[in-house]
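# Breakdown of the fold
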Amino acid sequence: MNFLYVGLGGALGAISRYAISLIPVKTQFPILTLITNIIGAIIIGFIVGVATSRKDISPNTLLFWKTGVCGGFTTFSTFSLEALNLIENKSYYYGGLYIALSLFCCILGVYLGKKISLI
């Protein structure tokens, strides 16, 4: 049943991300992706804040919104939450390492994936 909640939320998140990408913007800067990531970060922060302050939120509701909607909308929201959690828990070294490795390795991963696709 958990997969159903995640899947439905993921579909909603992915459809929302696609809808935002259709907004006609003429710029070389990836503003729509940036906006999507910021919205996703706000949504996941709101969900975590509500879940922390209210104990009556069901695990299925959290799966739908946090893992499903936010995961389908942007995984950057999860990355942002995890980085903030490390920093708030005073794990500055691991927080910084996680941020740096995520950025470097993921950009490198995209580069390598593109190169591998040309083989």
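For the structure itself, consult the block above.
A short tour of the structure in this document, coming up. For clarity, every value in this text was computed on a predicted model and none was experimentally measured. (Residues numbered from 1 in each chain as written. Predicted model: local features only at pLDDT ≥ 70, side-chain atom pairs only at ≥ 80, totals over all residues. Heavy atoms only, no water.)

Attention now moves to the overall build of the protein chain. Looking only at helices and strands, the protein chain has five helices and zero strands in total. Reported as C-alpha extents along the three principal axes, the dimensions of the protein chain are approximately 50 × 40 × 30 Å. By the burial criterion, 20% of the 119 residues in the protein chain qualify as buried. Taking all contacts inside the protein chain whose residues are at least 6 apart in sequence as the whole, residues at least 24 apart take part in 59%. (Helix = DSSP H or I, 4+ residues; strand = E, 2+ residues; numbered from the N terminus. Buried < 20%, exposed > 50% of the residue type's maximum accessible area, 1.4 Å probe, protein only. Contact = heavy atoms within 4.5 Å.)

The next point concerns unusual backbone geometry. For Lys90, which is not a glycine, the phi torsion comes out positive at approximately 60 degrees. Considering the arrangement of structural elements, one finds Lys90 in the loop between α4 (76–88) and α5 (92–117). Its relative accessible area of 62% is what places Lys90 among the exposed residues.

For the pair α4 and α5, the least separation of the axes is 7 Å and the interaxial angle reads 155 degrees. Viewed along their axes, α4 and α5 adopt a mutual orientation that is roughly antiparallel. The crossing of α4 and α5 is left-handed. Contacts between α4 and α5 pair Phe79, Glu82, Ala83, Leu86 and Ile87 from the former with Tyr92, Tyr94, Gly95, Tyr98, Ile99 and Ser102 from the latter. Split into classes, the residues belonging to the contact of α4 with α5 amount to eight nonpolar, two polar and one charged. (Axes fitted to C-alpha atoms, helices over the stretch in contact; angles between N-to-C directions. Parallel < 35°, antiparallel > 145°, perpendicular 65-115°, else oblique. Left-handed = near helix turned anticlockwise from the far one by under 90°. Nonpolar A, V, L, I, M, F, W, Y, C, P; charged D, E, K, R; others polar.)

So, on to a nonpolar patch on the surface. A surface patch of nonpolar side chains, amounting to about 690 Å² of accessible area, comprises Phe104, Leu108, Tyr111, Leu112, Ile116 and Ile119. Given the relative accessible area of 86%, Ile119 is considered exposed. (Patch = residues over 30% accessible without salt bridge, like charges linked within 9 Å, V, L, I, M, F, W, Y side chains within 5 Å. Areas by Shrake-Rupley, 256 points an atom, 1.4 Å probe, with all protein chains shown as cover. Salt bridge = Lys/Arg side-chain N within 4 Å of Asp/Glu carboxyl O.)

Before going further, it helps to spend a moment on helix α3 (residues 59–73). In this model α3 runs 19 Å from its N-terminal to its C-terminal C-alpha over 15 residues, within 8% of the 21 Å that 1.5 Å per residue would give. Residues Phe64, Gly68, Val69, Cys70, Gly72 and Phe73 constitute the buried set of α3. Looking at the buried residues of α3, the elements they touch are α1 (2–21), α2 (31–53) and α4. (Expected span 1.5 Å × (residues − 1).)

Okay, α2 next. With 23 residues, α2 extends 33 Å between its outermost C-alpha atoms, agreeing within 8% with the 33 Å of an ideal straight helix rising 1.5 Å per residue. Inspection of α2 places Leu32, Thr36, Asn37, Gly40, Ile44, Ile47 and Ala51 among the buried residues, and these make up the whole buried set. Against the buried residues of α2 lie α1, α3 and α4.

Remember that the coordinates give geometry; whether it matters functionally is a separate question.
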